[in-house]
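# Per-entry structural report
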Amino acid sequence: MASKVRLYVDHPLGEGQSVPLSREQAHYLFGVMRLGEGTVVSLINGADGEWDAEVVKASKKGGVLTCSEQTAALQMPPDLWLLFAPIRKERTAFIVEKAVEMGVRRVMPVQTDFTQSANRIRQDKLQAHAVEAAEQCGGTFVPPVNDLARLDRVLADWPDDRQLMFCDEVLIGDPVGLPDIAGPWAILVGPEGGFSPAERDRLRGLPYAHPVSLGPRILRADTAAVAALTVWQQALGDWG
């Protein structure tokens, strides 16, 4: 008996592989979703693709599934990072979820000069949002979500071969102007209030940073992240 439930597990997946369930996962499958022994669940772990697995043991405190066949190979997104300044809690979660759905390799919250101190993050909570997004959207890869880091420190350790799409609000109304450069990329979206003059000057002086416009209107930070991902994926990503 098949179900439509997809579950992320921190365990290897393969033909005949037994997968133990945590208490929380067992509660979700058997208490909330009312599944039982014999039910087939879709499993992902971010590395081995998607697998059908049959429930062979079900209890309130745990359970065991056995993998039967792979239903989808691991699909890696383009080598794209998303850097963004945290905003309010629910909107920060929205950015993480949409980044997973639209395809990134890494999510990197950054502290900018104008990032409000109240907009702190819990890395474990955001990573859980990334897992949930992959489960719900059919993804087989879950990007890691970094802990909050200062933007200047991130730039100080920047890899030489990675280009940076710098979404600069002062260019509003200009053409997007994203250069056609192959290889690893990242997108940087600023906070509500934009980048400070010092940050903008530094970014414009970096050889790998490319200031771009996101159209003729000012966008909220969460909308800007989605718009930037769309622009990059359409121009340089795997949407073409």
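Before reading on, note that the structure itself is shown above.
Let me begin by describing the structure that accompanies this report. (Residues numbered from 1 in each chain as written. Predicted model: local features only at pLDDT ≥ 70, side-chain atom pairs only at ≥ 80, totals over all residues. Heavy atoms only, no water.)

We now examine the overall build of the protein chain. Scanning the protein chain for helices and strands turns up six helices and 11 strands. If you line up the protein chain on its principal axes, its C-alpha atoms span 60 × 40 × 30 Å. In the protein chain, which comprises 240 residues, the proportion classed as buried is 48%. Expressed as a percentage of contacts within the protein chain between residues at least 6 apart in sequence, the contacts between residues at least 24 apart total 71%. Each charge class in the protein chain can be summarised by its mean position, and for the 24 positive and 31 negative side chains these summaries are 8 Å apart. (Helix = DSSP H or I, 4+ residues; strand = E, 2+ residues; numbered from the N terminus. Buried < 20%, exposed > 50% of the residue type's maximum accessible area, 1.4 Å probe, protein only. Contact = heavy atoms within 4.5 Å. Lys, Arg positive; Asp, Glu negative; His and termini not counted. Charge placed at Lys NZ, Arg CZ, Asp CG, Glu CD.)

All told, the structure shown has zero disulfides when counted by the stated rule. Cys 137 carries a free sulfur, and the closest cysteine sulfur to it, the one in Cys 67, is 20 Å from it. (Disulfide = S-S within 2.5 Å.)

The next point concerns the pattern of salt bridges. Applying the stated criterion across every chain, the model contains 12 salt bridges. When the shortest N-O distance is used, the salt bridge between Arg 88 and Glu 90 registers 3.7 Å. Overall, Arg 88 belongs to the partly exposed group, its relative accessible area being 44%. With its nearest N and O atoms 3.0 Å apart, the salt bridge here joins Glu 192 to Arg 91. Remark: Arg 91 occurs in helix α2 (residues 89–102) and Glu 192 occurs in the loop between β10 (185–189) and α5 (197–204); sequence separation between them is 101 residues. Exposure remark for Glu 192: the relative accessible area of 34% places this residue in the partly exposed category. Counted as one network, the salt bridges with shared partners bring together Arg 91, Glu 192, Arg 220 and Asp 222. (Salt bridge = Lys/Arg side-chain N within 4 Å of Asp/Glu carboxyl O.)

Looking now at the packing of α2 against helix α6 (residues 221–236). Interaxial distance between α2 and α6 falls to 9 Å at its minimum, and their mutual angle equals 10°. By the angle between their directions, the pair α2 and α6 is classed as roughly parallel. The handedness of the crossing between α2 and α6 is right-handed. On the side of α2, the interface is formed by Arg 91, Phe 94, Ile 95, Lys 98, Ala 99 and Met 102, while α6 contributes Ala 221, Asp 222, Ala 225, Val 226, Leu 229, Thr 230 and Gln 233. The residue inventory of the contact of α2 with α6, partitioned by class, reads eight nonpolar, two polar and three charged. (Axes fitted to C-alpha atoms, helices over the stretch in contact; angles between N-to-C directions. Parallel < 35°, antiparallel > 145°, perpendicular 65-115°, else oblique. Left-handed = near helix turned anticlockwise from the far one by under 90°. Nonpolar A, V, L, I, M, F, W, Y, C, P; charged D, E, K, R; others polar.)

What follows covers the packing of α2 against helix α3 (residues 123–137). The geometry of α2 relative to α3 is characterised by a closest axis approach of 8 Å and an angle of 45° between their N-to-C directions. By the angle class used here, α2 and α3 are oblique. Where α2 crosses over α3, the handedness of that crossing is right-handed. Contact residues: α2 offers Thr 92, Ala 93, Val 96, Glu 97, Val 100 and Glu 101, while α3 offers Leu 126, His 129, Ala 130, Ala 133, Ala 134 and Cys 137. Grouping the constituent residues of the contact of α2 with α3 by class yields eight nonpolar, two polar and two charged.

End to end, α3 covers 21 Å across 15 residues, agreeing with the expected 21 Å (1.5 Å per residue, within 8%). Buried residues of α3: Leu 126, Gln 127, Ala 130, Val 131, Ala 133, Ala 134 and Glu 135, and no others. Immediately beyond the C-terminal end of α3, within one or two residues, lies Gly 138, with a positive phi of roughly 85°. (Expected span 1.5 Å × (residues − 1).)

One non-glycine residue, Arg 34, lies in positive phi territory at about 60°. Tracing the backbone through its elements, the reader meets Arg 34 in the loop between α1 (23–32) and β3 (40–44).

A separate point is the side chain of Gln 233. If you trace the backbone, Gln 233 turns up in helix α6. If near-sequence neighbours (up to four positions away) are discounted, Gln 233 is found in contact with Pro 78, Met 102, Gly 103, Asp 238 and Trp 239.

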